[in-house]
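# A look at the structure
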Amino acid sequence: MTVLVVIDQSPYGSWRGRESLDMALSLAAFDQPASLLFTGAGVNWLRKGQDPAGISQKAVERNVSAATIFGIEEILADRLSLEANALTLDELVEGAVAVEYSPELVANYLNVVCL
Amino acid sequence: MTVLVVIDQSPYGSWRGRESLDMALSLAAFDQPASLLFTGAGVNWLRKGQDPAGISQKAVERNVSAATIFGIEEILADRLSLEANALTLDELVEGAVAVEYSPELVANYLNVVCL
Amino acid sequence: MTSPTSLAFTLVITGAPYSSQAPQTALSFAQAVIAEGHSIDRVFLYGDGVHLASALSTPPSDETNWSLAWAEFLIEHGIPGVACIASALRRGVLNSEEQQRYERSAANLVTPYQLLGLGEWVESIASTSKTLYFHGEH
Amino acid sequence: MTSPTSLAFTLVITGAPYSSQAPQTALSFAQAVIAEGHSIDRVFLYGDGVHLASALSTPPSDETNWSLAWAEFLIEHGIPGVACIASALRRGVLNSEEQQRYERSAANLVTPYQLLGLGEWVESIASTSKTLYFHGEH
Amino acid sequence: MKTLHIVNKSPEQARFGRCLAAFDRDDQLLLTENAVIAAGVASLELPTHCFALEADLKARGLTSGASVVSIDYNGMVKLTVEADRVICW
Amino acid sequence: MKTLHIVNKSPEQARFGRCLAAFDRDDQLLLTENAVIAAGVASLELPTHCFALEADLKARGLTSGASVVSIDYNGMVKLTVEADRVICW
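Chain E is annotated in an unreviewed UniProt entry as tRNA 2-thiouridine synthesizing protein B of Marinobacter zhejiangensis.

In the nomenclature of an unreviewed UniProt entry, chain A is known as tRNA 2-thiouridine synthesizing protein C of Marinobacter zhejiangensis. The annotation that UniProt attaches to chain A under Sequence similarities (unreviewed entry) is "Belongs to the DsrF/TusC family."

## A word on the overall build of chain E
Across its full length, chain E holds three helices and five strands. Going from the N terminus to the C terminus, chain E shows its helices and strands as β-α-β-β-α-β-α-β. Here chain E has a C-alpha radius of gyration of 12 Å; the compact-globule value for 89 residues is 12 Å, and the two agree. The principal-axis extent of the C-alpha atoms belonging to chain E is close to 35 × 30 × 20 Å. Split into buried and exposed, the 89 residues of chain E put 64% on the buried side. A fraction of 49% describes how many contacts in chain E between residues 6 or more apart in sequence connect residues 24 or more apart. Accessible surface, chain E as shown: approximately 3100 Å² in total, 48% of it carbon and sulfur.

## Considering the relation of the copies chain D and chain C
Of the transformation placing chain D onto chain C, the axial shift is 0.0 Å and the rotation is 180°, giving an RMSD of 0.0 Å. Between the two chains, the operation in question is that of a two-fold axis. For chain D, the smallest separation between a C-alpha atom and the rotation axis is recorded for His-138 of chain D, amounting to 2.2 Å. A symmetric contact is evident, with 100% of the interface residues of chain D recurring at the interface of chain C.

## Looking at helix α1 (residues 22-35) of chain C
All names here are of chain C. When the terminal C-alpha atoms of α1 are compared, their 20 Å separation across 14 residues agrees well with the 20 Å that a helix rising 1.5 Å per residue should span. Judged by how many residues are buried, α1 sits mostly within the fold: eleven of 14 residues are covered. Among all positions of α1, only Ala-22, Pro-23, Gln-24, Thr-25, Ala-26, Leu-27, Ser-28, Phe-29, Ala-30, Ala-32 and Val-33 are buried. Positioned one or two residues after α1, Gly-37 has a phi angle of 85°, which is positive.

## Details of the nonpolar core
As a rule of thumb, soluble globular proteins bury nonpolar side chains together. If you look at the biggest cluster of nonpolar residues, it comprises 177 residues, and the most contacted ones within it are Leu-11, Trp-70 and Trp-121 of chain C together with Leu-11, Trp-70 and Trp-121 of chain D. Beyond its immediate chain neighbours, meaning those up to four positions away, Trp-70 of chain D contacts Leu-11, Ile-13, Pro-23, Ala-26, Leu-27, Ala-30, Val-43, Leu-52 and Tyr-113 of chain D.

## Some points on the interface of chain E and chain C
Counting residues at the interface gives 22 residues for chain E and 21 residues for chain C. Where chain E abuts chain C, roughly 1800 Å² becomes buried across the two surfaces, and 55% of that area is made up of carbon and sulfur atoms. At the boundary of chain E with chain C, the tally comes to one salt bridge. A salt bridge links Lys-78 of chain E to Glu-36 of chain C; its shortest N-O distance comes to 3.6 Å. On inspection of chain E and its partner chain C, the count reaches 15 residue pairs in polar contact (both at pLDDT 80 or more). Those elements that provide at least two residues to the side of chain E that touches chain C are α3 (73-82) and β5 (85-88) of chain E. By residue number, the principal contributor to the side of chain E that touches chain C is α3 of chain E, which donates seven residues. Class assignment for the residues of the side of chain E that touches chain C results in ten nonpolar, six polar and six charged.

What counts, and at which threshold
Residues numbered from 1 in each chain as written. Chains lettered and ligands numbered in written order. Predicted model: local features only at pLDDT ≥ 70, side-chain atom pairs only at ≥ 80, totals over all residues. Heavy atoms only, no water. UniProt positions renumbered as here; feature names shortened; annotations may be inferred. Helix = DSSP H or I, 4+ residues; strand = E, 2+ residues; numbered from the N terminus. Rg over C-alpha atoms; globule rule 2.2 N^0.38 Å. Buried < 20%, exposed > 50% of the residue type's maximum accessible area, 1.4 Å probe, protein only. Contact = heavy atoms within 4.5 Å. Areas by Shrake-Rupley, 256 points an atom, 1.4 Å probe, with all protein chains shown as cover. Least-squares fit on C-alpha atoms with pLDDT ≥ 70 in both. Expected span 1.5 Å × (residues − 1). Core = buried A, V, L, I, M, F, W, Y, C linked by side-chain atoms within 4.5 Å. Buried area = accessible area lost by both parts, 1.4 Å probe. Salt bridge = Lys/Arg side-chain N within 4 Å of Asp/Glu carboxyl O. Polar contact = N/O pair within 3.5 Å; in protein donor to acceptor, adjacent residues only side chain to side chain. Nonpolar A, V, L, I, M, F, W, Y, C, P; charged D, E, K, R; others polar.

Next up, the structure:
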């Protein structure tokens with residue numbers, strides 16, 4: 001039973017996304033299946049070429065692109081949110097898949113976490 | 001030069017509105033002119049008949065209706081937000097005045113505070 | 001003690017007291033869980049929720065001290081309280097062990113909380129316990 | 001020291017470190033204020049911003065300690081740092097005076113901050129100092 | 001699968017819309033904290049199975065009206081127990 | 001009166017709209033922190049005098065584009081000094 005961790009806020013402005021990602025990675029580390037869904041402003045997590053040195057933070061891009069290596073099952077991106085943020089698939093980190101955010105999608109997960 | 005303190009969030013769910021009100025009351029206490037503007041979900045601060053005993057908080061309604069006594073110059077309510085929240089003037093605490101939230105309104109205040 | 005149809009809950013609190021309503025809603029819910037004959041496996045504080053485990057919180061005397069109210073509830077019902085150690089260290093919530101390890105001037109973790117990792121939360125997800133989240137309003 | 005066209009700023013920080021970006025943006029701005037030949041009258045921590053004055057904040061060693069970075073900046077430039085006493089007490093940020101008054105187990109206010117009332121902020125509003133706010137993202 | 005969505009945020013927030021976008025026709029919605037002001041928002045079409053915490057309604061001077069069922073914390077426990085899945089937004 | 005509006009919140013947030021609703025034609029807008037993603041939001045019509053913090057743009061992998069002027073923190077200080085009024089949303 002895969003846990004769906006939803007990230008719906010832009011990176012760096014708050015810690016909520018980082019702490020959501022930590023949850024997903026912890027699940028994977030303990031062999032509990034987990035997937036990530038980026039929606040709303042959250043799709044900005046997936047943009048390639050992030051460089052947060054100027055704001056004294058570590059890039060989240062690497063963590064996301066390494067997520068599948070650490071056992072995260074899927075990196076899902078809400079298609080409408082991608083469009084709203086003018087993001088095309090080739091601008092996204094490796095492994096991200098566009099999906100329709102809908103009741104049908106969310107119904108696939110018994111546990112949904114959205115900090 | 002009156003300071004405009006803007007409250008745009010519903011009461012009780014967060015402390016931001018309380019701390020905004022404290023700012024306005026402090027200004028008044030030190031004889032600095034201050035006005036309050038409620039907009040968005042913030043207009044819910046003005047609804048009569050609040051009873052937060054069941055959530056272990058103190059009513060903010062009394063503080064707002066006493067604000068003019070403590071020297072707050074105006075209690076302004078954004079008309080469109082009142083409509084969106086189905087609030088009529090007779091449902092509001094004493095002293096609240098409906099205004100149009102606009103650049104022209106905000107231009108009257110050299111200091112605008114919005115927590 | 002519990003009836004055959006009783007359930008076990010895990011409560012995750014991510015909203016801070018005096019910033020969000022989360023600790024109050026969660027406590028009212030927790031009291032109702034007990035009143036309805038169910039049980040609580042664990043309370044897990046995460047993100048800004050770790051501030052609920054501060055022993056130094058000092059609200060005005062006519063306001064509820066949520067840290068105290070929650071600590072008393074956990075002790076009374078023997079419910080384990082866990083604050084995520086990563087969230088807590090960043091936000092300055094330490095027990096004396098971490099105080100010594102990082103050579104800080106004081107410890108401020110209230111009894112009965114423990115500082116532990118996200119594994120505690122994963123355990124709840126993997127168990128039959130029903131997990132509910134009490135967030136801030138952002 | 002300052003040129004005739006130099007301005008004085010008051011910075012109000014309402015967003016907490018490790019929860020919002022406010023302390024970083026405010027510090028980068030403050031450094032630029034000094035670099036541009038202006039001055040800072042006062043830094044006022046309000047609401048969740050008071051957590052920046054915690055001496056116990058312990059981020060991982062590869063992350064910036066914002067409490068430390070800010071305290072060093074204030075000391076280096078002789079800028080008064082004030083944490084709103086009402087915000088701070090509720091959120092468990094105490095100096096030794098308040099610790100004793102309320103019989104708490106520890107104090108955790110970092111040097112050079114003082115715990116004072118909103119009057120300090122009102123003074124900035126009433127002065128010629130330019131007041132900027134650094135909020136959380138909610 | 002019987003899903004209970006719990007939302008504590010004002011309807012102005014994007015998260016509120018995110019909750020409704022994940023809402024299936026037969027799901028249940030529980031409004032808590034600042035979300036209860038949705039009961040007073042004219043333009044908002046709330047789902048058929050909509051509940052709100054009474055303590056939060058009363059705090060904000062609201063009544064549940066025709067479209068929302070007012071419940072206490074024990075009622076909230078019952079809803080979560082009966083649900084196969086609970087999503088806290 | 002020359003007004004500089006500084007907004008640090010994502011365009012999804014109601015506060016962002018509140019800022020634009022108080023915005024007069026000749027005012028200036030400065031996007032900081034999560035607000036810089038507005039530079040990439042297709043549907044958003046940003047005002048003529050629109051700036052964004054370079055460090056925040058770079059952090060999020062964005063460039064300012066044609067409609068937004070990228071500035072550093074010193075530039076931010078200059079904007080605040082030149083403004084008669086600064087509103088932080």
